[in-house]
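Examination of the molecular architecture
If you want the building blocks of each chain, they are given just below.
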Amino acid sequence: MLLLGLLLAAATAAFVGLLIAYNLSSGPGYTVTMFGHNLVTLNHLGAFLAGIALTLVFGLALAMLAAGLAHHRRKSVRLRAARRDAAVATAQRDELAARLDDRGDTTTDPTLSGASRDTRSGGRHRLHLFGH
C-alpha cells in the first residue's frame, strides 16, 4: 500500500503539473490540451470540480502512503521485539547448556528420544526391527 500510495501521489502531481504547463490560457470555453491533443472543453465550474476531484485523488494517495508507513513501522517494531526475544532465548539456552556441561552429566533421558514411548500413551510408535 505504501508503494501504491506513493505511485498514485506522483502520478496525480505529474498530471496536475502537465495540465498547468500546457494550459496557461483561459477563456469562457476552456479547452484542456495535453501533448497536442484536446482532452475536454470545460467551463469555470467544470474546471473547479475537476480540481476538486484531483485533490481528492491526491488526498487518497497521501492517506494510503500514511497507512503504509504506519504498517511498516508496526511490522518493524514487532520484528525488533521478536529478534530481542530470540536473543534472550538463545542466551538462556546457552547458559543452561553450559550449566549442564559443568555438571558433567552425560546420561540421556529416554523419554526425550521418543523411541521408548509406548503407543498407548499417545506418543510415537516404538522402533521395531526395521527401524520405522
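Report on the accompanying structure. (Residues numbered from 1 in each chain as written. Predicted model: local features only at pLDDT ≥ 70, side-chain atom pairs only at ≥ 80, totals over all residues. Heavy atoms only, no water.)

Describing the pattern of salt bridges
Test applied: Throughout this description, the term salt bridge denotes a Lys or Arg side-chain nitrogen within 4 Å of a carboxyl oxygen of Asp or Glu. Note on classification: 1.4 Å probe, protein chains only; a residue is buried when its accessible area is under 20% of the maximum for its type, exposed when over 50%, partly exposed between these limits. Put simply, DSSP H or I for four residues or longer makes a helix, DSSP E for two residues or longer makes a strand, and each gets a number counted from the N terminus.
Counted according to the given criterion, the structure contains 2 salt bridges. We note a salt bridge from arginine 93 to aspartate 94, for which the minimum N-O separation is 3.1 Å. Overall, aspartate 94 belongs to the partly exposed group, its relative accessible area being 40%. Between arginine 99 and glutamate 95 there is a salt bridge whose closest N-O contact spans 4.0 Å. Of this pair, arginine 99 and glutamate 95 both sit in helix α2 (residues 44-103), 4 residues apart, which is roughly one turn of that helix. We classify glutamate 95 as partly exposed; its relative accessible area is 47%.

Re the pairing of strand β1 (residues 30-34)
The test is simple: When DSSP finds two or more bridges between two strands, those strands count as paired.
With respect to burial, β1 is a largely interior element, 4 of its 5 residues being buried. In this structure, the hairpin formed by β1 and strand β2 (residues 37-42) is closed by a connection of 2 residues, where phenylalanine 35 is found at a positive phi of approximately 55 degrees.

What to know about the environment of valine 40
To be explicit about the condition: Only heavy atoms matter for contacts: two residues are in contact if any of them lie within 4.5 Å across the pair.
With respect to the helices, strands and loops of the structure, valine 40 is situated in strand β2. Distance in space between the C-alpha atoms of valine 40 and tyrosine 30 is 8.3 Å, their sequence separation being 10 residues. In this structure valine 40 touches Tyr30, Thr31 and Val32, once residues within four positions along its chain are discounted.

Some points on the layout of surface pockets
Here is the rule we go by: Think of a 1 Å grid over the protein atoms and nothing else: a 1.4 Å probe that fits but is trapped marks a cavity, an open set flanked by protein within 12 Å on at least five of seven lines marks a pocket, and residues with an atom within 4 Å of a point count as lining. Grid points are joined across faces, edges and corners, and a volume is the space filled by probe spheres set on the points. Each residue gets one of three labels, nonpolar for Ala, Val, Leu, Ile, Met, Phe, Trp, Tyr, Cys and Pro, charged for Asp, Glu, Lys and Arg, and polar for the others, Gly among them.
Here the largest pocket defines a volume of roughly 350 Å³. In this structure, the largest pocket is lined by 18 residues; those nearest its centre are Leu19, Ala47, Ala50, Gly51 and Leu54. Looking at the lining of the largest pocket, the elements that each hand over two or more residues are α1 (2-22), β1, β2 and α2. Of the residues that constitute the lining of the largest pocket, the class distribution is 14 nonpolar, 4 polar and no charged.

Focus on a positive patch on the surface
As a reminder, the rule being used: Grouping into patches uses exposed residues only, defined as over 30% relative accessible area, and leaves out salt-bridged ones; the cut-off is 9 Å for like charges and 5 Å for nonpolar side chains (Val, Leu, Ile, Met, Phe, Trp, Tyr). Shrake-Rupley sampling with a 1.4 Å probe provides the accessible areas, and residues are treated as covered by the protein chains on show and by no other component. The positive count covers Lys and Arg only, the negative count covers Asp and Glu only, and His and the chain ends enter neither. For this purpose, a charge sits on NZ of Lys, CZ of Arg, CG of Asp or CD of Glu.
On the surface, a cluster of positive charge is contributed by Arg73, Arg74, Lys75 and Arg78. Relative to the elements of secondary structure, arginine 74 occurs in helix α2.

Here's the deal with a nonpolar patch on the surface
Together, Leu45, Phe48, Leu49, Ile52 and Leu56 give the surface a local cluster of nonpolar side chains, amounting to about 520 Å² of exposed area. If you trace the backbone, phenylalanine 48 turns up in helix α2.

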